Structures are given as C-alpha cells and as structure tokens.
Amino acid sequence: MNEFVKLSDLCILITKGSTPTTYGYSFKNEGIPFIKAEALNGDVSLDVKGFSYIDDETHNFLKRSKIYPNDILMTIAGANIGKTGFVRENISEANTNQAVAIIRLDKEKICPQFYYYYFKQKTFFKFVQSLNAQAAQPNINLKMIGDFLVPKLEIDSQLKVVSILGTIDDLYLCNLDRITKSKQIILNLYQEWFINFKFPNHEQVEFVDGIPDGWELKSVSELTQLISRGITPKYNDESGKSVVINQKCIRENKLNLELARRQDKEISDSKLVQKGDVLINSTGAGTLGRVTQVHEDLPDTTVDTHVTIVRPLQAISSAWFGAAISNLESYIETLGEGATNQLELKREVISRIDLVCPAMDIQNQFQKIVEPMQQQILNLMKQNTHLLKLKETLLPRLMSGELDVSKLSSIG
C-alpha cells in the first residue's frame with residue numbers, strides 16, 4: 001500500500017500564470033511559447049495549437065509565470081479544470097496565463113514526470129472536476145493543489161514507472177512524427193504537381209487557358225456521385241448496431257473513430273460511408289470546413305447531420321480528389337452561411353467549388369505514389385490508438401501498486 005503526502009511537501013513552487021495584455025503587452029507571431037489551457041488537451045505532449053507567442057521583454061516582465069522543462073501544468077479555470085501537461089526538454093523556456101497552474105517539483109529528490117502521470121489518471125481528473133462541479137465558472141486555487149494527496153514512493157520505483165509509461169509515450173510521439181512527415185510529403189507532392197504544374201513530363205505538355213492541355217476545370221458536383229449530410233442518430237452507446245461519425249472525429253485531416261458514437265437507427269446504403277469518401281464538417285464556427293478522407297472500409301458506419309459526405313466518381317482517383325479538397329480546407333472554412341454560432345455549409349455551396357481536374361494518367365500516377373503512404377498513416381494512427389489504450393490500462397495499476405514495479409522490466 002502506498003504512503004501518501006501532500007503535494008506541497010514535494011514542491012519547490014506552485015504558482016499560476018499571467019496574461020500579457022493585462023499589463024499592456026501584446027502577443028507576437030513568433031518568439032517564446034505562451035502556453036494556454038488548450039495546450040493541455042494533448043494525449044501525450046502539449047498541443048501546439050494551444051500556443052501563442054511573446055517576445056523576450058514580455059517574457060521577462062512576466063517572470064512569475066516562466067515555465068521550464070519538468071514543470072507540470074494544470075488547468076485551474078473553466079470546464080476542463082484538472083487537465084494536465086508536462087513540459088518536456090524540447091521546450092527550454094515558456095510562459096503561461098492565469099488559467100494554468102505551474103507545479104515545480106524538487107527533481108533532485110523525486111521524478112516530476114511520475115507525478116505528471118499520476119495526475120493523468122482518469123480518476124484523478126474526475127476528482128478535480130468534482131471539487132467545483134456546481135460552480136458556474138469552475139476553478140480551483142493553488143492551496144487546493146498543494147493539498148492534493150499524492151503517493152510517496154522511492155525514487156527507484158518512480159523511475160521504473162516513468163520508464164514504462166515514458167517508452168509508450170516515446171513510441172506514440174515517434175509514430176506521430178512519422179504521420180506528420182508523411183502527410184507533409186503528400187501535401188508537397190500535391191502542390192508540386194497540381195498547383196505548380198511540375199508533374200511528370202510537364203515539359204512536354206502545352207498550356208491552354210492557364211492549365212495543362214487535357215486538364216479541365218470542373219465543379220465538385222461534376223466529379224462526385226453523392227453530396228449528402230448524414231443522419232439524425234438514435235444514440236445507444238452501449239449496444240448500438242452502427243457507428244456514427246461526428247464533427248469531433250474530424251481534425252487535422254485525420255479521422256478519429258475513438259470519438260465516434262454508436263446508434264440504432266436504420267441507415268440507407270447511400271449514407272453508409274465508403275472508402276474514398278471525403279467528409280466535411282458543415283455546421284458551427286470553429287469546426288466548419290474541417291476535411292478528412294476515409295482510407296479504409298468501415299462497416300455499418302455513417303455520419304451525423306453536421307457532416308457532409310462527398311463521394312467521388314469511381315472514374316477518378318480518390319487520392320487526388322481527397323488531396324484536392326483537403327488543400328482547400330482553409331477556403332472551405334470561409335463558405336459558411338448564417339449567424340456566427342449557426343453557420344451552415346450548404347450542399348449546394350460545396351457542389352459549386354471548382355477544381356482543376358488533371359488528365360487521368362497523372363491522377364493514376366499520383367494515386368500509385370500516395371495510396372501506400374495513406375495506408376501507412378492509417379496503420380500508425382491505429383498503433384497510436386492501441387498505445388493510448390495500453391497506457392490507460394497500465395496507469396492506474398502502476399499508481400495503485402497493483403503492479404509491483406520492482407518485478408517489471410521496461411518496455412523496449
């Protein structure tokens with residue numbers, strides 16, 4: 001059985017950040033990372049989409065909220081209080097705002113990353129959420145954080161746990177890096193061939209009206225067999241007979257089925273997603289316009305009414321079509337109509353988008369290169385899903401002492 005102590009007994013510092021604009025400073029396009037609460041939503045590392053940037057002058061003025069490697073960060077205000085992040089060595093120095101607590105442990109005596117993992121447990125997150133569950137604006141203060149009871153283990157045991165869980169995280173991040181690089185290669189190839197027109201043997205092709213001879217300007221409606229919203233689901237998360245994809249599943253051109261739900265309503269064949277379908281988020285500011293493509297067969301799977309299925313003709317390359325729509329994501333995000341909170345991307349608007357459709361031999365060459373890379377990305381994403389589930393299973397057992405770390409070897 002673990003012995004518990006107050007977190008404050010292990011800390012050098014528990015503080016929180018500041019907001020630059022409060023003191024007349026402004027954010028910059030680049031510089032020192034300024035980590036907002038949104039950055040703590042990452043599964044393994046800090047999510048850079050939650051970063052802003054400040055200059056050296058601002059960073060030095062906000063000296064109380066400076067962040068360094070091995071600091072633990074925790075959201076202390078808003079709906080996601082208790083979300084936790086860890087500052088890895090790749091961030092040498094950063095800053096944060098008043099919605100984020102900085103927990104600096106004495107790394108000469110204990111392993112900070114061990115306590116980061118302790119805070120990442122679902123049970124701990126639920127505990128923090130319960131501390132202020134009834135408040136209109138949930139928050140926790142620094143004293144409450146200092147009073148958290150945490151296990152007091154020998155440093156060797158802490159390091160063993162970190163070695164096991166850290167190896168899983170390292171594999172996850174390695175896969176994520178490979179996914180990012182593969183997606184960038186596909187994007188670069190698309191832009192080189194279809195934006196810059198540097199496709200194979202382009203020197204031998206004449207241009208007519210600004211595009212290669214044999215290529216055509218076509219609308220999405222001319223290149224598709226279906227443009228349709230999904231269903232209004234009858235949710236049954238426990239035993240629903242089919243899967244429904246929602247807008248949360250679509251982000252960064254990736255399809256995350258872990259966020260999909262199950263439902264019971266009968267689905268027409270046309271609204272069952274197929275390999276090659278492009279899915280576009282079609283309602284609401286912030287998510288509208290996000291694009292992904294289905295790269296595998298997904299039995300008994302559909303989308304809800306907030307997502308549009310855009311199904312290419314069988315006669316064209318699905319890889320080219322998916323890349324072409326994804327390349328227009330930032331443009332599609334501007335096509336919503338209606339009030340800010342009720343924006344709609346209408347089917348008719350999607351159908352009128354024009355694409356420069358390449359000659360079939362070029363489409364086929366692109367498909368031949370890109371399709372194996374898409375499959376590799378899909379496999380790496382599945383591996384990462386399994387790694388997260390493995391960590392989720394191991395984490396509470398390691399922290400509770402159910403698994404005796406002295407008898408475990410590192411993963412590797």
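The coordinates are above.
Reading the values: the criteria
- Residues numbered from 1 in each chain as written.
- Predicted model: local features only at pLDDT ≥ 70, side-chain atom pairs only at ≥ 80, totals over all residues.
- Heavy atoms only, no water.
- Buried < 20%, exposed > 50% of the residue type's maximum accessible area, 1.4 Å probe, protein only.
- Helix = DSSP H or I, 4+ residues; strand = E, 2+ residues; numbered from the N terminus.
- Axes fitted to C-alpha atoms, helices over the stretch in contact; angles between N-to-C directions.
- Parallel < 35°, antiparallel > 145°, perpendicular 65-115°, else oblique.
- Left-handed = near helix turned anticlockwise from the far one by under 90°.
- Nonpolar A, V, L, I, M, F, W, Y, C, P; charged D, E, K, R; others polar.
- Phe/Tyr/Trp six-rings, centres within 6.5 Å; stacked < 30°, edge-to-face > 60°.
- Contact = heavy atoms within 4.5 Å.
- Pairing = 2+ DSSP bridges.
- Core = buried A, V, L, I, M, F, W, Y, C linked by side-chain atoms within 4.5 Å.
- Polar contact = N/O pair within 3.5 Å; in protein donor to acceptor, adjacent residues only side chain to side chain.

### Quick look at helix 2 (residues 112-119)
Then step 1. Counting buried residues in helix 2 gives eight out of eight residues, a clear majority hidden from the surface.
Then step 2. Those residues of helix 2 lying buried are Pro112, Gln113, Phe114, Tyr115, Tyr116, Tyr117, Tyr118 and Phe119.

### Section: unusual backbone geometry
Then step 1. In this model, Asn70 sits at a positive phi of 80°, which is unusual for a non-glycine residue.
Then step 2. You can see Asn70 is positioned in the loop between strand 5 (66-67) and strand 6 (72-75).
Then step 3. Its relative accessible area of 19% is what places Asn70 among the buried residues.
Then step 4. Its identity is not glycine, yet Glu252 carries a phi of approximately 55°, on the positive side.
Then step 5. Inspection of the secondary structure puts Glu252 in the loop between strand 16 (250-251) and strand 17 (254-255).

### A few points about the packing of helix 5 (residues 155-195) against helix 9 (residues 360-400)
Then step 1. Here helix 5 crosses helix 9 at 160°, and the two axes come no closer than 9 Å. When the interaxial angle is binned, helix 5 and helix 9 end up roughly antiparallel. Viewed along their axes, helix 5 and helix 9 form a crossing whose handedness is left-handed.
Then step 2. When its residues are assigned to classes, the contact of helix 5 with helix 9 shows 29 nonpolar, seven polar and four charged.

### Remarks on the packing of aromatic side chains
Then step 1. Following the criterion strictly, the structure yields 23 aromatic pairs and no others.
Then step 2. Arranged with centres 5.4 Å apart and planes meeting at 35°, the rings of Phe86 and Tyr116 form a pair that is tilted. Taken together, the residues span a long stretch of sequence, with Phe86 in strand 7 (residues 84-86) and Tyr116 in helix 2 at a distance of 30 residues.
Then step 3. By relative accessible area, Phe86 is classed as buried at 6%.
Then step 4. On the numbers, 6.0 Å between centres and 70° between planes, the contact of Trp193 with Phe194 is edge-to-face. Phe194 carries the same exposure label as Trp193, and that label is buried.
Then step 5. Among the aromatic residues, ring-to-ring pairing joins Tyr190, Trp193, Phe194, Phe197, Phe199, Phe207, Trp215 and Phe366 into one connected group.

### A few points about the packing of helix 5 against helix 6 (residues 318-327)
A pair of packed helices can be characterised by two numbers: the angle between their axes and the separation between those axes.
Then step 1. One can describe the packing of helix 5 onto helix 6 by two numbers: an axis separation of 11 Å at closest approach and a directional angle of 95°. In terms of axis orientation, helix 5 runs roughly perpendicular to helix 6. From helix 5, Leu187, Tyr190, Gln191, Phe194 and Ile195 reach across to helix 6, where they touch Trp320, Ala323, Ala324 and Asn327.

### Let's talk about the sheet that holds strand 4 (residues 51-54)
Whether parallel or antiparallel, the strands of a sheet pair through hydrogen bonds between backbone atoms.
Then step 1. Read from one edge of the open sheet, four strands run 4-3-8-5, paired in mixed fashion. A single partner strand is all that each edge strand has here, and the edge strands are strand 4 and strand 5.

### Concerning the environment of Asp106
Then step 1. By the element assignment, Asp106 lies in the loop between strand 9 (100-105) and helix 2.
Then step 2. Expressed as a C-alpha distance, the spacing of Asp106 and Gly31, which sit 75 residues apart in the sequence, is 28 Å.
Then step 3. Not counting the four nearest positions on each side in its chain, Asp106 is found in contact with Leu10 and Ile12.

### Topic: the nonpolar core
Among soluble globular proteins, nonpolar side chains are generally buried collectively.
Then step 1. Core analysis: the biggest nonpolar cluster contains 41 residues, and Leu7, Ile103, Leu105, Tyr115, Phe119 and Ile145 have the highest contact counts within it.
Then step 2. When sequence neighbours within four positions are dropped, the list of residues in contact with Ile145 reads Leu7, Ile14, Met74, Ile76, Ala101, Ile103 and Ile140.
Then step 3. Ranked by size, the runner-up nonpolar core spans 40 residues in total, among them Ile316, Ala319, Val349 and Leu355.

### Some details on the side chain of Thr283
Then step 1. When you line up the elements, Thr283 lands in the loop between strand 19 (278-281) and strand 20 (291-293).
Then step 2. For Thr283, a relative accessible area of 8% translates into the label buried.
Then step 3. Side-chain polar atoms of Thr283 contact the side chain of His306, separated by 3.0 Å.

### A closer look at the side chain of Thr19
Then step 1. Residue placement: Thr19 occurs in the loop between strand 2 (11-16) and strand 3 (32-35).
Then step 2. In this structure Thr19 comes out as buried when scored by relative accessible area, which is 17%.
Then step 3. At 2.3 Å, the side chain of Thr19 and the side chain of Gln98 are in polar contact.
Then step 4. Once residues lying within four places of it in the same chain are set aside, the contact partners of Thr19 are Phe34, Asn97 and Gln98.

### Examining the sheet that holds strand 22 (residues 307-312)
Then step 1. Strand order in the open sheet made by the four strands is 14-22-19-20, with antiparallel pairing throughout. Either end of the sheet is taken by a strand with one partner, and the two such strands are strand 14 (224-229) and strand 20. Between one strand axis and the next, the sheet turns by 20° as a mean value, whatever way the strands run.
Then step 2. Summarising the sheet, strand 19 and strand 22 pair through four bridges and their orientation is antiparallel.

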